[in-house]
Amino acid sequence: MNYNYHTHTPYCRHASNTAEEYVRRAVQMGVTYMGFSDHAPYRHADGFGLYWRVQPEELESYISELSEIRERYRDKIDLKIGFEMEYYPGCFEKMQKTATECGGEYLILGQHFVSEEDERSTVNLHTVKPSDSVEKLRAYADTVTEGIRTGKFTYVAHPDIMNFTGDAELYREEMRKICQASLECDIPLEINFLGIREMRNYPCESFWKLAGEVGSPVTFGFDAHRAVDAFDEGSLARAEELVEKYRLNYIGRPRVILI
Ligand SMILES: [Zn+2]
Ligand SMILES: [Zn+2]
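Residues numbered from 1 in each chain as written. Chains lettered and ligands numbered in written order. Predicted model: local features only at pLDDT ≥ 70, side-chain atom pairs only at ≥ 80, totals over all residues. Heavy atoms only, no water.

Along the protein, the regular secondary structure elements total 9 helices and 8 strands. Dimensions along the principal axes, computed over C-alpha positions, put the protein at roughly 50 × 45 × 30 Å. Per-residue burial over the protein gives 56% buried out of 259 residues. Taking the intrachain contacts of the protein between residues at least 6 apart in sequence as the baseline, contacts between residues at least 24 apart amount to 79%. On the protein, the mean spot of the 30 positive side-chain charges and the mean spot of the 43 negative ones are 2 Å from each other. (Helix = DSSP H or I, 4+ residues; strand = E, 2+ residues; numbered from the N terminus. Buried < 20%, exposed > 50% of the residue type's maximum accessible area, 1.4 Å probe, protein only. Contact = heavy atoms within 4.5 Å. Lys, Arg positive; Asp, Glu negative; His and termini not counted. Charge placed at Lys NZ, Arg CZ, Asp CG, Glu CD.)

Encoded structure:
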């Protein structure tokens, strides 16, 4: 695997090592196409902002530090600078503007909450948290589907993050919307290696079974939060096993959609 467009940096406060250490590890292991996609900055109208995003006041340093590294390694690796971002219909334009104006080049869609209200709730409403709420399941499927249809996202990170514990048939019905939109818009779905490394609820087998039936394009992403994960060969076998098992339409390196 010589590509990876899902890389974090210490700017999100929950990733270790320096940005350069990620690049060095990737280059060492033969990665030639790489993208930084740290959590996109977002401040609510009243000034509230989650701690685990790049903070707006650090945005300039994020871009300038990565640009400087890109220059230094330009003969070794093709480096893109972007963000992992939620799709919230009410503020997508604003978030996208923030991302492009500072020099961000691409976006991947990572729906950690189904709405901007949810991300500031005092109870944990993260999509990874087990829930049997049909309303939340539908909201997840609808926002991700709509996000895909904007045509602004290079791919969908961990599309199977939604940890629905209710009816399996209902889950398939809702997830089918995402798989179908991915196929129609030719926007790949990512098998997320962080989920494999940490044995999370994703990759979710029933999701990938469905993606295989629909024929959605599929790609891989290391989701590196440590330099060592800028090349994660340990998780590769499991991802390849899923491709094989569900006859996934694995496309390899995704086409980067420049914003
Ligand atoms: Zn993260
Ligand atoms: Zn994510």
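Turning our eyes to something else, we now look at the coordination of the zinc ion (ligand 2). Taken together, the protein ligands of the zinc ion (ligand 2) are Glu-84 (OE), His-112 (NE2) and His-158 (NE2), with distances of 2.2 Å. On the primary sequence, the residues serving as donors to the zinc ion (ligand 2) are separated as E-x27-H-x45-H. On the basis of relative accessible area, Glu-84 is assigned to the buried category, the value being 2%. For His-158, a relative accessible area of 2% gives the class buried. (Donors = N, O, S within 2.8 Å, 3.2 Å for Na, K, Ca; no water.)

Moving on to the packing of aromatic side chains. Considering all chains together, one arrives at 13 aromatic pairs under this definition. Summarising the aromatic geometry, the rings of Phe-222 and Phe-231 are spaced 5.6 Å apart at their centres and angled 75° between planes, so their arrangement reads as edge-to-face. Like Phe-222, the residue Phe-231 is buried in the burial classification. Each residue in the set Phe-193, Phe-220, Phe-222, Phe-231 and Tyr-250 is aromatic and connected to the rest through ring pairs, giving one cluster. We note Arg-53 situated over the ring of Trp-52; from NZ or CZ to the ring centre the distance is 5.0 Å. (Phe/Tyr/Trp six-rings, centres within 6.5 Å; stacked < 30°, edge-to-face > 60°. Lys NZ or Arg CZ within 6 Å of the ring centre and 35° of its normal.)

For Glu-190, the position within the fold is in strand β6 (residues 189-192). Side chain to side chain, Glu-190 and His-6 meet in a polar contact 2.9 Å long. A polar contact is formed between the side chain of Glu-190 and the backbone nitrogen of His-158, at a distance of 2.9 Å. Each residue touching Glu-190, except ones within four places of it in the same chain, is listed here: His-6, Tyr-155, Val-156, Ala-157, His-158, Pro-159, Trp-208, Thr-219, Phe-220 and Gly-221. (Polar contact = N/O pair within 3.5 Å; in protein donor to acceptor, adjacent residues only side chain to side chain.)

Before going further, it helps to examine helix α6 (residues 168-185). For α6, with 18 residues, the first-to-last C-alpha span of 26 Å sits near the 26 Å given by 1.5 Å per residue. At Met-175, α6 shows its maximal kink, close to 25°. When we look at burial in α6, the residues that qualify are Leu-170, Tyr-171, Arg-172, Glu-174, Met-175, Ile-178, Cys-179, Ala-181 and Ser-182. Regarding α6, its N-cap is Asp-167, as a side-chain oxygen of that residue lies 3.3 Å from the backbone nitrogen of Glu-169 further along. One or two positions beyond α6, positive phi appears at Asp-186, with a value near 55°. (Expected span 1.5 Å × (residues − 1). Bend = angle between axes of the 7 residues up to and from the residue.)

Attention now moves to the coordination of the zinc ion (ligand 1). The coordination sphere of the zinc ion (ligand 1), as far as protein atoms go, consists of His-14 (NE2), His-39 (NE2) and His-225 (NE2), spread over 2.1 to 2.2 Å. Within one chain, the residues serving as donors to the zinc ion (ligand 1) are arranged as H-x24-H-x185-H. For the pair the zinc ion (ligand 1) and the zinc ion (ligand 2), the metal-to-metal distance amounts to 5.4 Å. Note that His-14 is positioned in the loop between β1 (3-4) and α1 (19-28) and His-225 in the loop between β7 (217-221) and α9 (236-245), a separation of 211 residues in sequence. Using a relative accessible area of 13% as the deciding quantity, one classes His-225 as buried.

To continue, consider the nonpolar core. Residues Ile-191, Phe-207 and Trp-208 are the most contacted members of the largest nonpolar core, which totals 84 residues. Looking at this core element by element, the count peaks at 6 residues for α6. The contacts of Phe-207, once residues within four sequence positions are left out, are Pro-159, Asp-160, Tyr-171, Met-175, Ile-178, Cys-179 and Leu-189. (Core = buried A, V, L, I, M, F, W, Y, C linked by side-chain atoms within 4.5 Å.)

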